[in-house]
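# Observations on chain architecture
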Amino acid sequence: MSREQLSLFGLPPEPAPGSSEDGRGPDQAGGGGSVGVRDVRTLLEALGAEAARCRACGLRDTCRGVVFGEGDPESGIILVGEAPGGVEDELGRPFVGPAGQLLDRILLAVGFRREQVYITNTVLCRPPGNRVPSPEEVAACRPWLDRRLAIMKPDIMVCLGASAARAVLGRDLRITRDRGRWQTLGRMKVMPTFHPAALLRDPSKKRAVWEDMKAVRAEWERLRAGGPPESEGRTA
Ligand code: URA
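Procedures and definitions
Residues numbered from 1 in each chain as written. Predicted model: local features only at pLDDT ≥ 70, side-chain atom pairs only at ≥ 80, totals over all residues. Heavy atoms only, no water. 1 Å grid on protein atoms, 1.4 Å probe; cavity = no way out; pocket = protein on both sides within 12 Å on 5 of 7 lines; lining within 4 Å. Points joined across faces, edges and corners; volume = space filled by probe spheres on them. Helix = DSSP H or I, 4+ residues; strand = E, 2+ residues; numbered from the N terminus. Pairing = 2+ DSSP bridges. Contact = heavy atoms within 4.5 Å. Axes fitted to C-alpha atoms, helices over the stretch in contact; angles between N-to-C directions. Buried < 20%, exposed > 50% of the residue type's maximum accessible area, 1.4 Å probe, protein only. Polar contact = N/O pair within 3.5 Å; in protein donor to acceptor, adjacent residues only side chain to side chain. Core = buried A, V, L, I, M, F, W, Y, C linked by side-chain atoms within 4.5 Å. Near = heavy atom within 4 Å. Areas by Shrake-Rupley, 256 points an atom, 1.4 Å probe, with all protein chains shown as cover. Sits in = over half its atoms within 2 Å of the grid points. Nonpolar A, V, L, I, M, F, W, Y, C, P; charged D, E, K, R; others polar. Lys, Arg positive; Asp, Glu negative; His and termini not counted. Salt bridge = Lys/Arg side-chain N within 4 Å of Asp/Glu carboxyl O.

On to the layout of surface pockets. Estimates place the volume of the largest pocket at around 550 Å³. Around the largest pocket, the lining is made up of 26 residues, and of these Glu82, Ala99, His195, Ala197 and Arg201 lie nearest the centre. When contributions to the lining of the largest pocket are tallied by element, the ones reaching two or more residues are helix H3 (86–91), helix H4 (98–109), helix H6 (162–169) and helix H8 (196–201).

A few words now on the sheet that holds strand E5 (residues 183–185). If you walk across this open sheet you meet the six strands as E1-E3-E2-E4-E6-E5, and the pairing is mixed. Unpaired on one side and paired on the other, strand E1 (70–71) and E5 mark the two borders of the sheet. Where strand E4 (residues 156–160) and strand E6 (residues 188–193) come together, five bridges link them in parallel fashion. Each bridged residue has a counterpart across the sheet, and for Ile156 the counterpart in E6 is Lys189. Docked against the sheet, helix H5 (residues 135–152) engages strand E2 (77–81), strand E3 (118–121), E4, E5 and E6, running at close to 160° with respect to E3.

Attention now moves to the environment of Leu173. Topologically, Leu173 is positioned in the loop between H6 and helix H7 (175–178). For Leu173, a relative accessible area of 5% translates into the label buried. Sequence separation of Leu173 and Ser163 is ten residues, and the distance between their C-alpha atoms is 9.4 Å. Apart from the residues lying within four places of it in its own chain, the contact partners of Leu173 are Ala165, Arg166, Asp178 and Pro192.

Here we take up the pairing of E6. Among the six residues that make up E6, six are buried, leaving the element largely enclosed by the rest of the structure. Burial of E6 is two-sided: the residues Met188, Val190 and Pro192 facing one way and the residues Lys189, Met191 and Thr193 facing the other way are all buried. One ladder, built from three bridges, connects E5 with E6; its direction is antiparallel. Residue pairing across strands places Thr184 opposite Lys189, the latter belonging to E6. Counted between consecutive antiparallel strands, the loop separating E5 from E6 contains two residues, among which Gly186 sits at a positive phi close to 60°.

What follows deals with the side chain of Asp72. On the secondary structure map, Asp72 appears in the loop between E1 and E2. Residue classification places Asp72 among the buried residues on the basis of a relative accessible area of 7%. Within polar-contact distance, the side chain of Asp72 engages the side chain of Arg41 at 3.4 Å. Only 2.8 Å separates the side chain of Asp72 from the backbone nitrogen of Glu74, close enough to count as a polar contact.

Here the focus is the nonpolar core. Residues Ile77, Ile78, Leu79, Leu107, Met157, Met213 and Val216 are the most contacted members of the largest nonpolar core, which totals 60 residues. Excluding residues within four positions of it along the chain, Ile78 makes contact with Tyr118, Thr120, Leu145, Leu149, Met152, Pro154, Ile156, Met157 and Val158.

What follows is about the site of the ligand. Surveying the vicinity of the ligand reveals the residues Gly81, Glu82, Ala83, Pro84, Glu88, Pro94, Phe95, Asn121 and His195. Measuring from an oxygen atom of the ligand, one finds a backbone N or O atom of Phe95 at 2.9 Å. Measuring from a nitrogen atom of the ligand, one finds a side-chain N or O atom of Asn121 at 2.7 Å. Protein contact buries 91% of the 230 Å² of open area that the ligand shows by itself. In this structure, the ligand is accommodated by the largest pocket. In the shell around the ligand, the residues fall into four nonpolar, three polar and two charged.

Our focus in this paragraph is the side chain of Glu88. By secondary structure assignment, the location of Glu88 is in helix H3. As a buried residue without a salt bridge, Glu88 has its nearest oppositely charged side chain in Arg126, at a separation of 7.0 Å. At a separation of 2.9 Å, a polar atom in the side chain of Glu88 contacts the main-chain amide nitrogen of Gly97. Among all residues touching Glu88, those that are not within four sequence positions of it are Val67, Arg93, Pro94, Phe95, Val96 and Gly97.

Here it is as structure tokens:
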């Protein structure tokens, strides 16, 4: 891990034992899916068109449009945030506002370009005033996540923040207590960590996210190499 990568993320340099600097991205990974790349993209495109017409909750009445998700669906990694904000709603892309810019740097710090992973949210429409989506809204939107998981079959999910982690792993999850600890959802490994917006408010959380994302990168590399998975437990 280079000094440049760490400073991108706003952290001081440190030795990073065991890190990979081989320059290969997840686009060269097999991913977990058995469906061909073209099939995955075609299926996702069709699903996105369907989602664009979704009226399963009231959020679509107040936002500009559905922010479905983007990135490499064959990477084996999906990142899930809470909900689109103002910039995302305007541009129709997830994580492109201030929190998204920090997310890009976090990803780069562990060797991923954002287009090499798949990024989405637990709800696809911006809640008014960027409020936290209600459990009913999250539940109404859940099929879009589940259907993508069925198509993409990622090996690893990163839940960005309490809202996403609770939506995926259950209401009793506490992000401060449970971040950095691998969980499972079916065959997928799930890493809860802090939301980038929380890091913007409290930069002291960066160290924890750095540790969590290093664990994600290491696990992704292990899986790609066909090695035995990391056992469950805190990474920091
Ligand atoms: N915060 C989120 O959770 N998702 C986005 O897409 C942007 C900000």
